[in-house]
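One letter stands for each residue in the lines below.
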Amino acid sequence: MLQLTINGESRQFVSVTSISDLLIELSLIGKRVAVERNGEIVPRGMHAATALDSGDQLEIVVAVGGG
Amino acid sequence: MNDPLVIAGKAYNSRLLVGTGKYKDFDETRRAVVASGAQIVTVAIRRTNIGQDTKAPSLLDALPMSEFTYLPNTAMCYTADEAVRTLRLARELLDGHDLVKLEVLGDPHTLFPNMPETLKAAEILVKDGFKVMVYCSDDPIQARMLEEIGVVAVMPLASLIGSGMGILNPWNLKLIIDQAKVPVMVDAGVGTASDAAIALELGCDGVLMNTAIASAQNPVLMAGAMKKAVEAGREAFLAGRMPKKYYSATPSSPASGMIGS
């Protein structure tokens, strides 16, 4: 069981080990998102190779309308 | 007329930059942006809604990155650290895109820029390789300090963000324009087409607006009006206006050849 905080919300996952797994789980794989793990940006090319640990804080952001 | 706006070495035909917020839906966003003729569009960076329908249309569908230059902003950031963190995420999000709009706000009531934090963030971002366009106060000294840091455009407010009050201090804008070696854009405060024309007539290189279009009764029609106003203002600036003469009237028609003379 992996305990993560994603965009400020606490979530639990059973079959997630990497950032890519998490994006698949959240139906965000292939979407244009940027991911920060514990305050450090994880480049898209590193999503599959970056393992997650319980307690990790993640930010997943997108572009939205704004001035 | 070939008169491009050059920002960080790249030429743009349109001198109107538009925001993409406050529209009814993405269809209206797209129609307004297209009517404005803008090539550069600002976007905000926000947390994705976890669990939301990921098939729902997104801004990227309405305004594909292949058609427009995205200008990610730091709207609602109140510290240099937040702004820098946001723009680093934006660069990752947009495949290394480094042209950004920095704004560090000082106060939720006025959305006036916090200039010490803005200068601090600009310095970090420029060192980190970003091409930084900066929302700033209409203070020529602050604008000069930003330029010395190496920003690619200074963007003083004409009046408060979202106020539509127009250009309240043209004299300060003129001071900034006269000294600047980088493009100067009015960012914030434009309410209607004549405000945009005045900005360009003063010698601003461009105008950035969102609310003036999005909050018009007919945003798409206003977007077209803004396009024309920016073009008219620019052409008037290049043409060079006649001098103002307060002391006498001069008729446009010949004084001689009057009947009965």
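Residues numbered from 1 in each chain as written. Chains lettered and ligands numbered in written order. Predicted model: local features only at pLDDT ≥ 70, side-chain atom pairs only at ≥ 80, totals over all residues. Heavy atoms only, no water.

**Observations concerning the sheet that holds strand β7 (residues 131–136) of chain B**
Residue and element names in this part refer to chain B.
Step number 1: Across the sheet, 3 strands lie side by side as β6-β7-β8; this open sheet has parallel pairing. The sheet is open, and its two edges are formed by β6 (99–102) and β8 (153–156), each paired on a single side. In this sheet, adjacent strand axes meet at a mean angle of 20° when their direction is disregarded.
Step number 2: Two elements, β7 and β8, share 4 bridges in a ladder whose sense is parallel. Across the sheet, Tyr 135 pairs through a bridge with Met 155, a residue of β8. (Pairing = 2+ DSSP bridges. Helix = DSSP H or I, 4+ residues; strand = E, 2+ residues; numbered from the N terminus. Axes fitted to C-alpha atoms, helices over the stretch in contact; angles between N-to-C directions.)

**Considering the pairing of strand β4 (residues 40–47) of chain B**
Step number 1: By the criterion of burial, β4 of chain B is predominantly enclosed, with 6 of the 8 residues buried.
Step number 2: When strand β5 (residues 57–65) of chain A meets β4 of chain B, the two strands line up antiparallel, connected through 5 bridges. By the bridge assignment, Val 64 of chain A is partnered in β4 of chain B with Ala 44 of chain B.
Step number 3: Looking at chain direction, strand β3 (residues 16–19) of chain B and β4 of chain B are connected through 2 bridges and run parallel. Across the sheet, the residue bridging to Gly 19 of chain B is Thr 42 of chain B, located in β4 of chain B.
Step number 4: Bridge analysis of β4 of chain B against strand β5 (residues 69–72) of chain B gives 4 bridges, and the strand direction is parallel. Paired with Val 43 of chain B across the two strands is Pro 72 of chain B, which belongs to β5 of chain B. (Buried < 20%, exposed > 50% of the residue type's maximum accessible area, 1.4 Å probe, protein only.)

**Focus on the layout of surface pockets**
In this approach the atoms are scanned with a rolling probe the size of a water molecule, which exposes any empty space left behind.
Step number 1: Approximately 540 Å³ is the volume found for the largest pocket.
Step number 2: Among the secondary structure elements, those contributing two or more residues to the lining of the largest pocket are β5 of chain A together with α2 (59–62) of chain B.
Step number 3: Residue composition of the lining of the largest pocket, grouped by class: 12 nonpolar, 7 polar and 6 charged.
Step number 4: Approximately 420 Å³ is the volume found for the second largest pocket.
Step number 5: If you go around the second largest pocket, you meet 27 residues; those closest to its centre are Gly 67 of chain A together with Lys 22, Ile 161, Asn 210 and Thr 211 of chain B.
Step number 6: A class-by-class count of the residues in the lining of the second largest pocket yields 11 nonpolar, 12 polar and 4 charged. (1 Å grid on protein atoms, 1.4 Å probe; cavity = no way out; pocket = protein on both sides within 12 Å on 5 of 7 lines; lining within 4 Å. Points joined across faces, edges and corners; volume = space filled by probe spheres on them. Nonpolar A, V, L, I, M, F, W, Y, C, P; charged D, E, K, R; others polar.)

**Thoughts on the nonpolar core**
Step number 1: By size, the foremost hydrophobic cluster in this structure holds 70 residues, and its most contacted members are Leu 102, Leu 146, Met 209 and Met 226 of chain B.
Step number 2: Considering each element in turn, this core owes the most residues, 7 residues, to helix α3 (residues 80–93) of chain B.
Step number 3: With residues up to four places along the chain from it excluded, the contact list for Leu 146 of chain B reads Met 115, Thr 118, Leu 119, Ala 122, Val 134, Cys 136, Val 151 and Val 154 of chain B.
Step number 4: In terms of nonpolar packing, the next biggest core, distinct from the first, is built from 18 residues, Ile 6, Leu 23, Leu 26 and Leu 52 of chain A among them. (Core = buried A, V, L, I, M, F, W, Y, C linked by side-chain atoms within 4.5 Å. Contact = heavy atoms within 4.5 Å.)

Spatial relationships are all this shows, so hold off on functional conclusions.
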